[in-house]
Number of protein chains: 2
Amino acid sequence: MDMPTPDLPTMPEQPGISAECRRMNSILSIVGDKWTVMIVMVLVEGPQRFNAIKRIIGGISQQMLTRTLKALERDGMVSRTVHPTVPPQVEYALTPLGHSLAVPVRALGAWARGHMEEIDGHRIRYDTRDLAG
Amino acid sequence: MDMPTPDLPTMPEQPGISAECRRMNSILSIVGDKWTVMIVMVLVEGPQRFNAIKRIIGGISQQMLTRTLKALERDGMVSRTVHPTVPPQVEYALTPLGHSLAVPVRALGAWARGHMEEIDGHRIRYDTRDLAG
């Protein structure tokens with residue numbers, strides 16, 4: 001066939017990018033989790049008790065909230081304070097590290113809110129394109 | 001017991017925040033996915049073919065890459081171009097919407113890279129704190 005080779009705008013091989021992606025994989029397992037993002041969004045407003053966080057988020061199980069708060073505490077992003085009442089009250093708060101994460105997390109949330117309708121429109125067009133023949 | 005009630009800095013009930021969190025849940029299912037973030041990071045450098053994306057990311061299965069690219073195409077963030085070669089070459093590229101998502105995604109990535117060592121330090125201290133007692 002005498003077809004001209006298409007002029008593909010391919011990127012030259014970048015040897016460093018794969019290692020960067022592997023590192024990003026490990027990083028995103030920390031901060032790229034949906035529940036992590038939601039808990040950070042709640043606690044950025046102020047400290048909260050377990051049941052209040054659970055109520056505010058809605059739709060998160062007891063087990064998932066426990067697990068995610070523990071992971072955030074382990075990563076130094078959330079502090080856990082036990083007040084000596086009967087029964088003891090446990091309060092969760094963002095550390096300075098957690099507050100610094102809230103900055104890019106809010107930017108992502110703002111982008112998502114700002115483009116939600118546009119994305120919905122794309123989905124509707126995609127899902128009906130075969131019907132339009 | 002005559003214990004004083006601790007002065008907890010609790011937040012007043014905010015009725016709107018729960019609906020906001022539910023909306024955020026749906027939004028984060030789109031953009032808060034680890035593989036989505038990685039594909040956007042690869043394609044922001046320029047269009048790529050399927051196998052090149054797979055090789056650059058590393059550790060993503062054929063099925064997961066297919067599924068995530070299809071979801072991104074459905075959301076209007078990635079375009080899919082079939083070049084009429086034999087065999088046909090299929091190329092994926094970010095749309096303007098996809099490029100705009102890359103901005104907050106990179107900010108999150110920059111935060112994560114900048115705090116990786118600090119987080120590692122917290123993890124080590126957390127995991128060894130019971131041993132130190």
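So, how was this worked out
Residues numbered from 1 in each chain as written. Chains lettered and ligands numbered in written order. Predicted model: local features only at pLDDT ≥ 70, side-chain atom pairs only at ≥ 80, totals over all residues. Pairing = 2+ DSSP bridges. Helix = DSSP H or I, 4+ residues; strand = E, 2+ residues; numbered from the N terminus. Core = buried A, V, L, I, M, F, W, Y, C linked by C-beta atoms within 7 Å. Buried ≥ 20, exposed ≤ 12 C-beta atoms within 10 Å, placed from the backbone. Contact = placed C-beta atoms within 7 Å. Axes fitted to C-alpha atoms, helices over the stretch in contact; angles between N-to-C directions. Parallel < 35°, antiparallel > 145°, perpendicular 65-115°, else oblique. Left-handed = near helix turned anticlockwise from the far one by under 90°. Nonpolar A, V, L, I, M, F, W, Y, C, P; charged D, E, K, R; others polar. pLDDT = per-residue confidence, 0-100.

A. Seen up close, the pairing of strand β2 (residues 78-83) of chain A. Residues and elements named next belong to chain A. For β2 and strand β3 (residues 89-94), the ladder comprises six bridges, and the chain directions are antiparallel. Counted as the bridge partner of H83 is Q89 from β3. In sequence, β2 turns back onto β3 through a hairpin of five residues.

B. Representation of the sheet that holds strand β3 (residues 89-94) of chain B in the model. On the basis of which strands lie adjacent, the open sheet formed by three strands has the order β1-β3-β2 (chain B) and antiparallel pairing. Only two strands of the sheet have a single partner each, and these edge strands are β1 (48-49) and β2 (78-83) of chain B.

C. Here's a closer look at unusual backbone geometry. Omega for the bond connecting V86(A) with P87(A) falls within 30 degrees of zero, at -5°, which places this linkage in the cis form. Relative to the assigned elements, P87(A) resides in the loop between β2 and β3.

D. Focus on the nonpolar core. In this structure, I39(A), V40(A), I39(B) and V40(B) are the most contacted members of the largest nonpolar core, which totals 42 residues. Setting aside residues no more than four positions away along its own chain, I39(B) makes contact with I53(B), T68(B), L69(B) and L72(B).

E. Geometry of the sheet that holds β2(A). All names here are of chain A. Taking strand neighbours across the sheet as the criterion, the three strands line up as β1-β3-β2 in an open arrangement whose pairing is antiparallel. Looking at the sheet topology across the chains shown, the edges are occupied by β1 (48-49) and β2. Pairing geometry for β1 and β3, over two bridges, is antiparallel. Its bridge partner lying in β3, Q48 is registered against Y92.

F. Structural context of helix α2 (residues 34-43) of chain B. Within α2(B), nine of the ten residues are buried, leaving the element largely enclosed by the surrounding structure. Listing the buried residues of α2(B) in full gives W35(B), T36(B), V37(B), M38(B), I39(B), V40(B), M41(B), V42(B) and L43(B).

G. Representation of the packing of α2(B) against helix α3 (residues 50-57) of chain B. Residues and elements named next belong to chain B. Interhelical geometry of α2 versus α3 gives an angle of 110° and a closest axis separation of 10 Å. With respect to α3, the axis of α2 lies roughly perpendicular. Crossing angle aside, the handedness with which α2 passes α3 is right-handed. Residues M38, I39 and V42 of α2 lie in contact with α3, whose contacting residues are I53, I56 and I57. Of the residues belonging to the contact of α2 with α3, the class tally is six nonpolar, no polar and no charged.

H. Spatial organisation of the confidence of the model for chain A. Residue and element names in this part refer to chain A. When pLDDT is averaged across chain A, the result is 80; 73% of the residues are at 70 or more. For chain A, the element scoring lowest by mean pLDDT is helix α1 (residues 16-31), at 60; β1 scores highest, at 96. Predicted confidence for residues 1-15 stays below pLDDT 50, and this span has ten contacts to residues more than four positions away or in other chains. Model confidence for the complex is summarised by a pTM of 0.68, with the ipTM given as 0.70.

I. Looking closely at the environment of M41(A). Residues and elements named next belong to chain A. Here M41 shows up in helix α2 (residues 34-43). When the 20 C-beta atoms within 10 Å are taken as the criterion, M41 is described as buried. Separated by 60 residues in sequence, M41 and L101 place their C-alpha atoms 9.8 Å apart.

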